[in-house]
Each structure stands twice: as C-alpha cells, then as structure tokens.
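So you can see what is in the structure, the chains are spelled out below.
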Amino acid sequence: MKVEAVTIRELRMPLKYFFETSFGRTESRRVLLVTVHCEDVDGWAECVASDAPFFSYEWIETAWLTIREFLAPAIIGAKISQAREAAALMSRVRGHNMAKAALENALWDAEARQKQQPLWKLLGGTLNEIACGVSIGIQDSHDQLLDKIDTELHAGYQRIKVKVKPGWDLEVLSKIRERWPSILLSCDANSAYRPCDLEHLRKFDEFRLLMIEQPLWDDDIYQHSRLQRELKTSICLDESIRQVRDAEEAIDLGACRIMNIKTGRVGGFSEAIAIHDLCQKHGIPVWCGGMLETGIGRAHNVALSTLPNFRLPGDVSASKRYWAEDIVAPEIEVSPQGTIPVQDVTGAGYEVKTELIQKLTVRAETIR
Ligand code: OSB
Ligand code: MG
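Draft legend 1. Structural view of the site of ligand 1. Residues in close proximity to ligand 1 total 15 residues, the closest being Ser135, Lys163, Asn190, Leu292 and Tyr322. The side chain of Lys161 places a nitrogen or oxygen atom 3.2 Å from an oxygen atom of ligand 1. Lys262 is positioned such that a nitrogen or oxygen atom in its side chain is 3.0 Å from an oxygen atom of ligand 1. In isolation ligand 1 has 390 Å² of accessible area, and contact with the protein removes 97% of it. Here the shell around ligand 1 is built from residues that sort into five nonpolar, three polar and seven charged.

As structure tokens, then:
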C-alpha cells in the first residue's frame with residue numbers, strides 16, 4: 001500500500017442525550033474523521049479526541065494540527081505492506097496517541113479492504129459475537145438515572161456502568177443495588193478521587209461492583225497499586241494505560257485486575273493488540289472502552305472486541321443510543337441478548353454515508 005494523500009474532516013454532530021462525566025457535560029460532538037487514500041483503496045477512521053482537553057491533553061485542534069503538520073507527512077509516500085508499520089513511521093512525534101491512532105486505524109481499514117478480508121479477522125479476532133454493556137453518564141436526578149438503567153436492561157445490555165464523582169456515588173450505587181441486586185454493575189470515576197478518599201472508596205466494596213474504573217489521577221499507576229491492595233473491588237485502569245509499557249507496569253505493581261482498552265488512547269490497533277496479548281498472558285481480562293464514537297469508530301471497536309481476551313462486556317453499544325442518524329450503513333445494532341454478531345464481510349462491515357458526511361462537514365483538508 002502506498003499512501004497518496006490523507007483527508008481530514010471535521011463534522012458537527014449533536015448527541016441525542018447529553019453525556020456527563022466527572023469532568024463535564026457533552027451535548028454535541030466535533031467529530032474528526034481521517035481518510036487515507038491509497039493506490040487502490042481508501043481507508044477510514046475516527047479520531048476520538050474530544051472538543052476539550054479534559055479526558056487527556058489531546059483535543060480536536062491538537063489532533064487536527066498534529067495530523068496535518070507531522071503525522072500525515074510521515075506516512076504519505078511511504079511504501080507500507082502492513083498497517084502495523086505505521087506506528088514506527090510516526091514514532092518521532094511524542095504522545096498524541098489519538099491523532100496517531102486515527103491514521104494507523106485508517107490504514108488497517110484500507111488493508112482489510114484491499115485484502116478483501118474482514119477487519120476483525122485481520123486484527124486477529126476469533127469471537128464471532130461480542131458482549132455489550134453501556135456507560136451511563138451523570139444525570140440531573142437519581143430517578144432519571146434509574147429510568148435510564150431500566151431502559152438499557154430491557155434493551156438487553158449485559159453490563160451497566162455508571163459515572164461517579166464525589167456527591168454522585170454511594171447513594172446512587174445503593175439505589176441501583178436496591179432495585180437490581182444481581183446485575184453486572186460497574187462505575188467509572190474518571191480520576192475524581194484522591195488517595196485521601198480511601199475510607200470513602202472502601203464503602204464502594206459493599207455494592208459488589210465488577211470494577212471501579214480509574215479512581216485516581218489520569219497518569220498514575222503507583223497510587224492505584226496502593227489503593228488496589230486496600231479494596232475488595234477490582235480496579236480497572238483506563239486513562240493511565242497509554243502504551244504497553246504502562247500495562248506492564250500496572251500488572252507488575254498490581255495496580256488493577258482489569259484493563260480497559262481504547263485504540264485512541266494507546267495510539268492505534270497495533271498497540272491495543274499488544275496490550276491485549278500482554279493482559280491475556282497475565283490472566284487480566286480486558287474490555288473495549290468507548291469515546292462516544294460515530295459508526296466509523298464504533299465499527300472499529302466492534303472489530304477489536306473480537307480478540308479472545310475481550311472477556312468482559314465493553315462500552316460498545318448501538319448507534320441509536322447516540323445519534324439521530326449515524327454516518328454508516330448499516331448502523332451498529334445490538335441484539336436483544338446484548339451482543340453484536342460480526343459477519344464475514346470485507347473491511348469494517350459498513351458503508352460510509354458520504355452524502356450525509358458532506359452535509360455535516362464544517363471543514364476539510366487534503367494533505368498530499
Ligand atoms: O472514561 O470511558 C470513559 C466517554 C468519553 C470520555 C471518557 C469515557 C467515556 C465513556 C463513554 O464512558 C463510553 C461510550 O462511548 O459510550
Ligand atoms: Mg473510563
């Protein structure tokens with residue numbers, strides 16, 4: 001594959017419902033799409049950088065500039081036989097994993113189309129159906145949250161994850177457990193607590209959570225390892241794991257018993273696979289996180305989730321939970337059993353709705 005050009009494009013897409021975490025509320029997404037134009041095929045991917053540097057230091061503007069000025073030039077003109085070679089070509093740029101992931105994943109997409117193989121098989125996937133959970137944001141009231149959980153359980157989702165922060169935690173979890181004593185339940189703090197909250201965090205143990213995700217600082221492993229020793233509840237790391245070395249450190253120190261993998265956070269499919277393999281070797285189950293993706297990123301999450309150590313339901317849910325109309329056809333749908341079956345079709349298993357994408361685009365640039 002020779003990359004001839006890269007197109008970056010920004011779309012504005014209102015979310016059907018707001019999504020709120022401990023760092024703030026999102027009502028609408030600025031979506032950055034990347035297309036790699038290779039000799040005979042195009043590959044598509046979504047950059048999961050958000051509209052503000054709150055989840056990580058990356059945001060839509062840094063991703064746009066880093067791709068335009070450094071990452072696209074590093075791969076344009078290069079002869080690439082496999083998408084996984086892209087990471088090395090871009091390694092001179094430090095960090096900016098979400099920007100890198102968009103380019104690398106677009107190349108995997110192109111490679112799958114070129115080889116007329118399903119992307120999930122190219123990635124090494126073996127499961128032909130993935131298990132789905134939902135991530136439910138902080139709401140305006142407890143009742144509103146309980147209603148949302150009820151809806152998602154009726155839709156079949158296998159695991160409920162709620163966002164927590166000081167002031168929206170123990171009472172909320174206790175009400176959920178009261179109503180649903182045995183559902184698979186977890187929570188995500190997005191770094192809202194500190195080691196001095198230990199006595200407070202111990203109280204989470206009584207709710208029999210599958211895990212508590214990222215309780216402490218976004219870049220921390222050591223303090224999580226001290227906390228994990230004190231808690232019955234398993235810690236799952238999200239933000240802290242940016243590369244396979246972080247995963248090694250976390251496993252070595254006992255900082256978590258479960259890991260969340262997001263390709264954007266770790267710089268692309270190849271690093272995500274390496275983390276998956278490492279966790280598998282050490283008996284650490286992984287699951288696929290989400291970043292409120294459109295169908296383009298969502299389909300890539302589905303493909304990744306078919307690797308064998310994705311043993312827990314991921315935050316990979318149906319398009320219709322987020323979008324009035326998704327930008328791919330068919331949209332991502334979840335069965336009444338809370339699963340997404342994958343098919344033996346070429347590429348990521350969808351068509352890009354180019355006309356709708358045109359309509360939603362607020363800026364586009366092609367780098368040659
Ligand atoms: O921490 O997993 C997270 C969304 C935006 C930023 C961070 C996170 C999330 C989610 C949403 O939890 C998962 C989804 O896409 O549904
Ligand atoms: Mg998280």
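Draft legend 2. View of the packing of aromatic side chains. Taken as a whole and judged by the stated rule, the model has three aromatic pairs. Judged by centre distance (6.4 Å) and plane angle (35°), the rings of Tyr322 and Trp323 are tilted. For the pair shown, Tyr322 and Trp323 are each scored as buried. In this arrangement the basic side chain of Arg321 is found over the ring face of Tyr157, its NZ or CZ atom lying 5.9 Å from the centre. We note Arg363 situated over the ring of Trp64; from NZ or CZ to the ring centre the distance is 3.8 Å.

Draft legend 3. View of the packing of helix 3 (residues 97–114) against helix 11 (residues 269–281). In the contact formed by helix 3 and helix 11, the axes pass within 8 Å of each other and the chain directions differ by 90°. Our classification of the angle between helix 3 and helix 11 gives roughly perpendicular. Residues Glu104, Asn105 and Trp108 of helix 3 form the contact with helix 11, whose participating residues are Phe269, Ser270 and Ile273.

Draft legend 4. Representation of the packing of helix 1 (residues 60–75) against helix 3 within the structure. Axis separation between helix 1 and helix 3 bottoms out at 9 Å; the angle between their running directions is 45°. One finds that helix 1 runs oblique with respect to helix 3. Between helix 1 and helix 3 lies a crossing whose hand is right-handed. Two secondary-structure elements touch here, helix 1 through Ala63, Thr66, Ile67, Leu71, Ala72 and Ile75 and helix 3 through Ala99, Lys100, Leu103 and Leu107.

Draft legend 5. Layout of the sheet that holds strand 2 (residues 24–38). Pairing within the open sheet is antiparallel, and its four strands lie in the order 3-2-1-15. Looking at the sheet topology across the chains shown, the edges are occupied by strand 3 (42–47) and strand 15 (361–367). For this sheet, the mean angle separating the axes of adjacent strands, direction not counted, is 20°.

Draft legend 6. Molecular detail of the pattern of salt bridges. Following the criterion strictly, the structure yields 29 salt bridges and no others. Glu61 is the partner of Arg363 in a salt bridge, and the nearest nitrogen-oxygen pair spans 3.5 Å. Separated by 302 residues along the polypeptide, Arg363 in strand 15 and Glu61 in helix 1 bring together distant segments of the chain. On the accessibility criterion, Glu61 (26% relative accessible area) is partly exposed. Here the residues in one salt-bridge network are Arg159, Lys161, Lys163, Asp188, Glu213 and Asp315, joined through shared partners.

Draft legend 7. Layout of the pairing of strand 6 (residues 159–163). Burial within strand 6 is extensive, with five of its five residues counted as buried. Of the two faces of strand 6, the one carrying Arg159, Lys161 and Lys163 and the one carrying Ile160 and Val162 are both buried. With respect to chirality, the unit in which strand 5 (residues 133–136) leads through helix 5 (residues 142–155) into the neighbouring parallel strand 6 is right-handed. Looking at chain direction, strand 6 and strand 7 (residues 185–188) are connected through four bridges and run parallel. Across the sheet, residue Lys161 finds its bridge partner in strand 7, namely Ser186. Where the polypeptide runs from strand 6 across helix 6 (residues 170–179) and back to strand 7, its parallel neighbour, the crossover connection is right-handed.

Draft legend 8. Spatial organisation of the sheet that holds strand 8 (residues 211–213). What the seven strands build is an open sheet, ordered 5-6-7-8-9-10-11; its pairing is parallel. At either end of the open sheet lies a strand with only one pairing partner, and these are strand 5 and strand 11 (286–288). Averaged over all pairs of adjacent strands, the angle between strand axes in this sheet comes to 25°, irrespective of strand direction. Bridge count for strand 9 (residues 235–237) against strand 10 (residues 258–261) is two bridges, and the pairing is parallel. Its bridge partner lying in strand 10, Cys236 is registered against Ile258. Running over the sheet, helix 11 touches strand 10 and strand 11 and is turned about 165° from strand 10.

How each quantity is defined
Residues numbered from 1 in each chain as written. Chains lettered and ligands numbered in written order. Predicted model: local features only at pLDDT ≥ 70, side-chain atom pairs only at ≥ 80, totals over all residues. Heavy atoms only, no water. Near = heavy atom within 4 Å. Polar contact = N/O pair within 3.5 Å; in protein donor to acceptor, adjacent residues only side chain to side chain. Areas by Shrake-Rupley, 256 points an atom, 1.4 Å probe, with all protein chains shown as cover. Nonpolar A, V, L, I, M, F, W, Y, C, P; charged D, E, K, R; others polar. Phe/Tyr/Trp six-rings, centres within 6.5 Å; stacked < 30°, edge-to-face > 60°. Buried < 20%, exposed > 50% of the residue type's maximum accessible area, 1.4 Å probe, protein only. Lys NZ or Arg CZ within 6 Å of the ring centre and 35° of its normal. Axes fitted to C-alpha atoms, helices over the stretch in contact; angles between N-to-C directions. Helix = DSSP H or I, 4+ residues; strand = E, 2+ residues; numbered from the N terminus. Parallel < 35°, antiparallel > 145°, perpendicular 65-115°, else oblique. Contact = heavy atoms within 4.5 Å. Left-handed = near helix turned anticlockwise from the far one by under 90°. Pairing = 2+ DSSP bridges. Salt bridge = Lys/Arg side-chain N within 4 Å of Asp/Glu carboxyl O. Right-handed = clockwise from strand over helix to strand, strands pointing away.

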